[in-house]
Amino acid sequence: MLKVLVNAYACSPNMGSEPGMAWNWCSNLAKHCELFIITEEEFRDKIEAVVPTLPQGKNMHFYYNPVTPEVRRMCWNQGDWRFYWHYRKWQKRTLEMAEKICAEQKIDILHQLNMIGYREPGLLWKIKGPKFVWGPVGGMETMPIAYLKGAGAKTILFNRLKNLINSLQYRYQPNVRKAVKRADAIIAATSGCQKKLQDYYHKQVYLINETGCEVIENFKNEPKVTDTFDLLWVGKMDFRKQISLAIEVLGKLKDLNVVLHVLGGGSPEQIQQMKKQCTALGADDKLNYHGMVSHDEVQRLMRSSDLFLFTSIMEGTPHVVQEAIANHLPVICIDTCGQGDCVTEDCGMKVALSDPETTVEEMSHAIREFFEDGAKLKQLSDNCMEASKRMSWNNKISQMVNIYNSII
């Protein structure tokens, strides 16, 4: 059995985002390998409660490298750039711990797992001997400028500056260059990231989206209690999620018996702006804003809706899209980021990343087609089972283990 040392800053069972992503990778890889996992200590209680209950728990050895509560708050406050200074110090301590583990164990593979952002590839690449794997790695996509139309001056300036910094960092950041050069295998989280790495560094890069889904066996739809054609939108109302595009699409469908169910939080100003936009388009009766709801309620609504409308223009791999497909709900999205990799013609429809006006026209046209052709929509729903198997953790772990074996 291969011995793999994993660098996973954020790792926790029963969570989403980075902690849940790392936990799913580690808990599933442990079925095939013996893992030595270095992580931050915030979720130690959760980890130590769950590991003994797992058959593969004997293959999961955790080493904790704690930070202060203040640094944890910085980490959770996305956009707080002060965190990166502390994170680099954490990586230096992690390197020391990893070197000690390597001296005590015959480690076959060093795996830099998360955080998945490419800017901080850790320091495991400095250790000589074991093979080095980096990924899934993401964060290289840039904001499509055309979709900044109508945004405030501060948002436009921020995103233009971020695009410039992004394009420079993945090319010239010293640790990124060194990690890429040292890596025996690089795994990209999205095809956009894969292309950038291959085009600039001329190395083979595998594509495995960073998160997976569960396959729901013996799936059953929730019975519909209305005669409406139900569209579902789920997410935070920040700029990159583009709720305004979904409302514009709704405005194009006023002649149809369509309802858009919106799930997710936002500031009072964002919610008011959404409703104001809907009123201006004369589509008030087409919008059903649910606000924040439980995860179980999201799943129920997925099983009772007709189509999932996903309008985001900047993502990693959105787990909510995979959840929709696992619930046999076909997806319409923009062909970009991780959703562009997940959604194929067998389980949904993608429109090109272009500009807001074109996106609204193409999405509304596609929804009309599905509204009029129930058989086509049902076929996509039936196909979702195979699509969820393709995106399942079992499939992704199999791919990663094959990569491990290929470099050994």
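In this report, the structure presented in the accompanying data block is examined. (Residues numbered from 1 in each chain as written. Predicted model: local features only at pLDDT ≥ 70, side-chain atom pairs only at ≥ 80, totals over all residues. Heavy atoms only, no water.)

## Observations regarding a nonpolar patch on the surface
Okay, so step 1: A contiguous nonpolar surface patch, about 480 Å² in accessible area, is contributed by L161, L164, I165, L168 and Y172.
Okay, so step 2: Following the sequence through the fold, I165 ends up in helix α5 (residues 153–172). (Patch = residues over 30% accessible without salt bridge, like charges linked within 9 Å, V, L, I, M, F, W, Y side chains within 5 Å. Areas by Shrake-Rupley, 256 points an atom, 1.4 Å probe, with all protein chains shown as cover. Salt bridge = Lys/Arg side-chain N within 4 Å of Asp/Glu carboxyl O. Helix = DSSP H or I, 4+ residues; strand = E, 2+ residues; numbered from the N terminus.)

## Description of α5
Okay, so step 1: The end-to-end C-alpha distance of α5 is 29 Å, a good match for the 28 Å that 20 residues give at a rise of 1.5 Å each.
Okay, so step 2: Every buried residue of α5 is accounted for by N159, N163, N166 and Y170. Buried residues along α5 cover an arc of 65 degrees about the axis, so they all sit on one side. For α5, the exposed residues lying more than 90 degrees away from the buried face are A153, K154 and L157. (Expected span 1.5 Å × (residues − 1). Buried < 20%, exposed > 50% of the residue type's maximum accessible area, 1.4 Å probe, protein only. Arc of directions from axis to C-beta.)

## Side note on the environment of G338
Okay, so step 1: With respect to the secondary-structure elements, G338 resides in helix α12 (residues 337–342).
Okay, so step 2: Along the primary structure G338 and T317 are separated by 21 residues, whereas in three dimensions their C-alpha atoms are 3.9 Å apart.
Okay, so step 3: The residues contacting G338, other than those within four sequence positions of it, are T190, N209, G316, T317 and P318. (Contact = heavy atoms within 4.5 Å.)

## Things to note about unusual backbone geometry
Okay, so step 1: Between N114 and M115 the backbone carries a cis peptide bond, its omega angle lying at 15 degrees.
Okay, so step 2: A cis geometry characterises the amide bond from G135 onward to P136, with omega recorded as 5 degrees.
Okay, so step 3: Topologically, P136 is positioned in strand β5 (residues 131–137).
Okay, so step 4: Even without a glycine there, the phi angle at N14 is positive, about 60 degrees.
Okay, so step 5: Mapped onto the elements of the fold, N14 is located in the loop between β1 (3–8) and α1 (17–29).

## Section: the pattern of salt bridges
Okay, so step 1: The full count for this structure, using the stated rule, is 18 salt bridges.
Okay, so step 2: A salt bridge links R44 to E41, with the nearest nitrogen and oxygen atoms 2.7 Å apart.
Okay, so step 3: Judged by its relative accessible area of 26%, E41 falls in the partly exposed class.
Okay, so step 4: For the salt bridge of K241 with E315, the shortest nitrogen-to-oxygen distance reads 2.4 Å. Highlighted residues: K241 in the loop between β8 (229–234) and α8 (243–251) and E315 in the loop between β11 (307–310) and α11 (319–326), separated in sequence by 74 residues.
Okay, so step 5: On the basis of relative accessibility, which here comes to 11%, the residue K241 falls in the buried class.
Okay, so step 6: One connected set of salt bridges, linked through shared partners, spans D238, R240, K241 and E315.

## What about the sheet that holds strand β10 (residues 287–291)?
Okay, so step 1: The six strands are arranged β10-β9-β8-β11-β12-β13 in an open sheet whose pairing can be described as parallel. Each edge of the open sheet is held by one strand with a lone partner, namely β10 and β13 (348–351). Mean inter-strand twist for the sheet, computed between neighbouring axes without regard to direction, equals 20 degrees.
Okay, so step 2: In this structure, β8 lies alongside β11, joined through two bridges in parallel fashion. Bridge pairing links L232 to F308 in β11.
Okay, so step 3: Running over the sheet, helix α10 (residues 295–304) touches β8, β9 (258–263), β10 and β11 and is turned about 145 degrees from β8.
Okay, so step 4: On top of the sheet, helix α13 (residues 356–372) reaches β8, β9, β11, β12 (331–334) and β13; it is set at about 165 degrees to β12, its chief contact. (Pairing = 2+ DSSP bridges. Axes fitted to C-alpha atoms, helices over the stretch in contact; angles between N-to-C directions.)

The analysis is restricted to geometry; functional conclusions fall outside its scope.
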